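# Coordinates in review
One letter stands for each residue in the lines below.
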Amino acid sequence: MIEVQHLSKVFADGTKALDDVSLSIPDGQFVCVIGLSGAGKSTFMRCLNRLNDPTAGKILIEGQDIAFAQGRNLRKLRRRIGFVFQSFNLVERLSALENVLSGRLGYYGRLQGVLGLYSAADKQLALDALKRVGLEEKTNTTASNLSGGQKQRVAIARALVQEPKLMLADEPTASIDPKLSGVIMDLLKSFTNDGITVIVNIHVLELAREYAERILGFNKGKLIFDGTPSQLTDAEVERIYAGSVADL
Ligand code: ADP
């Protein structure tokens, strides 16, 4: 269970990106986040794993507040949160397997990590993850030689070997062939069967409608819609996407 209480984020230049956001998400739910560009979707996701530091509020993950955790405590909380980026964030010169293994780094000491001294158990975990995303034949392929869709699947496998409680995906289909969006969404959704909570920031409304169990709609930093796809009427869509076209 994730509980967000009165979460706010004001950037140094005064931009209020999140404004008093509160909600709770049970384990294993598949949540899609929608809203205009600039509505605060990425900031919400980035606060959840502390790529952004919140200004105020609480983020309770299994009862522990990560909103202001620091140092070792933060690293420990973070290793159970997978993050999938729009731009994959792979190390291009490393193989698919090595990229996936780096998802285990949070469980190693610094030196072990630098030297790449991964255990046999972790190598097996990484191979299993590559298999799960359908890339067992690309294990030793250098990331730079993979297609966009394959890169994103490697990135998902990397998040998976973290053995996450929570998986966050920020526009995971935006940089790949639209025909492959469904493959990525299906994969992400399959993790909810293992009790992993998955939150996807998605700019394609149809994908949110098709896949989400629950949709969160942001507008100007406020959470203004929280419901099921069937509750997302045209009027609600208009309310969520209300704002200047210049914001797009
Ligand atoms: P979305 O993901 O919905 O497009 P963001 O969360 O990226 O929206 O941005 C929300 C608001 O915060 C926007 O007005 C954006 O310009 C602003 N913002 C995002 N990152 C920063 C930053 N590092 N510094 C200042 N403003 C930022």
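Residues numbered from 1 in each chain as written. Predicted model: local features only at pLDDT ≥ 70, side-chain atom pairs only at ≥ 80, totals over all residues. Heavy atoms only, no water.

### Overview of the site of the ligand
What counts is decided by this rule: Working definition: residue near molecule or strand if any one of its non-hydrogen atoms lies within 4 Å of it. Polar contact is defined as a pair of N or O atoms within 3.5 Å, subject to the rule that within protein one atom must be able to donate a hydrogen and the other to accept it, and that residues adjacent in sequence are counted only when both atoms are side-chain atoms. Note that accessible areas follow from Shrake-Rupley with a 1.4 Å probe, and for residues the cover is restricted to the protein chains shown. Each helix is a run of H or I in the DSSP string that is no shorter than four residues. Each strand is a run of E no shorter than two, and both are numbered from the N terminus. Any residue that is not Ala, Val, Leu, Ile, Met, Phe, Trp, Tyr, Cys, Pro, Asp, Glu, Lys or Arg is counted as polar, Gly included; the first ten are nonpolar and the last four charged.
Every residue lining the ligand is accounted for by Phe11, Asp13, Thr15, Ala17, Leu36, Ser37, Gly38, Ala39, Gly40, Lys41, Ser42 and Thr43. Contact distances for the ligand include 2.8 Å between an oxygen atom and a side-chain N or O atom of Lys41. A distance of 2.8 Å is found between an oxygen atom of the ligand and a backbone nitrogen or oxygen belonging to Ser42. In isolation the ligand offers 570 Å² of accessible surface; the protein chains occlude 60% of this area. Per-element tally for the shell around the ligand: the top contributor is helix 1 (residues 41–48), with 3 residues. Class assignment of the residues belonging to the shell around the ligand gives a composition of 4 nonpolar, 6 polar and 2 charged.

### Quick look at helix 6 (residues 148–160)
For clarity, the threshold we go by: Expected span of a helix, by definition, is 1.5 Å for each gap between consecutive residues, and there is one gap fewer than residues. The classification of residues rests on relative accessible area computed with a 1.4 Å probe and restricted to protein chains. Under 20% of the type maximum is buried, over 50% is exposed, and intermediate values are partly exposed. In what follows, residue pairs with any heavy atoms lying within 4.5 Å of each other are defined as contacts.
Between its first and last C-alpha, helix 6 extends 18 Å over 13 residues, near the 18 Å set by a 1.5 Å rise per residue. The element helix 6 is largely enclosed, with a buried count of 12 among its 13 residues. Those residues of helix 6 not exposed but buried are Gly149, Gln150, Lys151, Gln152, Arg153, Val154, Ala155, Ile156, Ala157, Arg158, Ala159 and Leu160. If you follow the buried residues of helix 6, they end up packed against strand 6 (81–84), helix 3 (96–101), helix 5 (120–132), strand 7 (166–170) and helix 7 (181–190).

### Some points on the packing of helix 6 against helix 7
Formally: Axis geometry follows a simple rule: fit a line to the C-alpha atoms, using only the stretch in contact for helices, then measure angles between N-to-C directions, giving values from 0 to 180 degrees. When describing relative orientation, an angle under 35 degrees is termed roughly parallel and one over 145 degrees roughly antiparallel, while 65 to 115 degrees is termed roughly perpendicular and anything else oblique.
Put simply, helix 6 and helix 7 touch, their axes get as near as 11 Å, and they point 10° apart. Considering their axes alone, helix 6 and helix 7 lie roughly parallel with respect to each other. Counted together, Gly149, Gln152, Arg153 and Ile156 of helix 6 and Val183, Ile184, Leu187 and Leu188 of helix 7 form the full contact between these two elements. Along the lines of polarity and charge, the residues of the contact of helix 6 with helix 7 split into 5 nonpolar, 2 polar and 1 charged.

### Things to note about the packing of helix 5 against helix 6
How two helices sit against one another is set out by the angle between their axes and by the gap between those axes. Operational definition: Crossing handedness is defined as follows: a turn of the near helix away from the far one that is anticlockwise and smaller than a right angle gives a left-handed crossing, while the clockwise case is right-handed.
It is the contact of helix 5 with helix 6, at a shortest axis distance of 9 Å, that shows an interaxial angle of 135°. If you check the angle between helix 5 and helix 6, you find them oblique. Between helix 5 and helix 6 the crossing geometry is right-handed. Of the residues in helix 6, those touching helix 5 at Ala129, Leu130 and Arg132 are Val154, Ala157 and Leu160. In the contact of helix 5 with helix 6, the residues fall into 5 nonpolar, no polar and 1 charged.

### Focus: the pattern of salt bridges
What counts, and what does not: Take a side-chain nitrogen of Lys or Arg and a carboxyl oxygen of Asp or Glu: if they are within 4 Å of each other, that pair is a salt bridge.
Applying the stated criterion across every chain, the model contains 12 salt bridges. Lys165 is the salt-bridge partner of Glu62, the closest N and O atoms lying 3.8 Å from each other. Of this pair, Glu62 sits in the loop between strand 4 (56–61) and strand 5 (64–65) while Lys165 sits in the loop between helix 6 and strand 7, placing them 103 residues apart in sequence.

### What about the side chain of Gln150?
Residue position: Gln150 is located in helix 6. With a relative accessible area of 17%, Gln150 lands in the buried category. Of note is the side chain of Gln150, whose polar atom sits 2.9 Å from the backbone nitrogen of Ser147. The contacts of Gln150, once residues within four sequence positions are left out, are Leu135 and Lys138.

### So, the pairing of strand 4
Rule in force here: Strands qualify as paired when DSSP identifies two bridges or more between them.
Two elements, strand 1 (residues 2–10) and strand 4, share 5 bridges in a ladder whose sense is antiparallel. Bridging across to strand 4, Gln5 finds its partner in Lys58. Taken together, the 2 bridges between strand 4 and strand 5 define a ladder with antiparallel strand orientation. By the bridge assignment for strand 5, Leu60 is matched with Asp65. Two successive antiparallel strands, strand 4 and strand 5, enclose a turn made up of 2 residues, where Glu62 displays a positive phi of approximately 50°.

### A few points about the domain arrangement of the protein
When the parts of a complex come together, some accessible area is lost, and that lost area is often used as the size of the interface. Which entries qualify depends on this criterion: Per the annotation, domain bounds derive from an automatic or database assignment of domains. As used here, buried area is the combined drop in accessible area, with a 1.4 Å probe, of two parts when they are placed together.
Each assigned domain of the protein is listed here: domain 1 (2–80 + 165–247) and domain 2 (93–163). Centre-to-centre, using C-alpha coordinates, domain 1 lies 25 Å away from domain 2. With 16 residues of domain 1 in contact, the opposing surface of domain 2 contributes 13 residues. Approximately 1200 Å² of surface area, both sides summed, lies buried where domain 1 meets domain 2, with 64% of it carried by carbon and sulfur atoms. The three residues of domain 1 that bury the most area against domain 2 are Arg79, Leu187 and Phe191, which together make up 41% of that side's buried surface. When the shortest N-O distance is used, the salt bridge between Asp194 and Arg132 registers 2.8 Å. At the surface where domain 1 touches domain 2, the tally comes to 5 residue pairs in polar contact (both at pLDDT 80 or more). At 5 residues, the largest contribution of residues to the side of domain 1 that touches domain 2 is made by helix 7. Residue classes in the side of domain 1 that touches domain 2 are distributed as 10 nonpolar, 1 polar and 5 charged.

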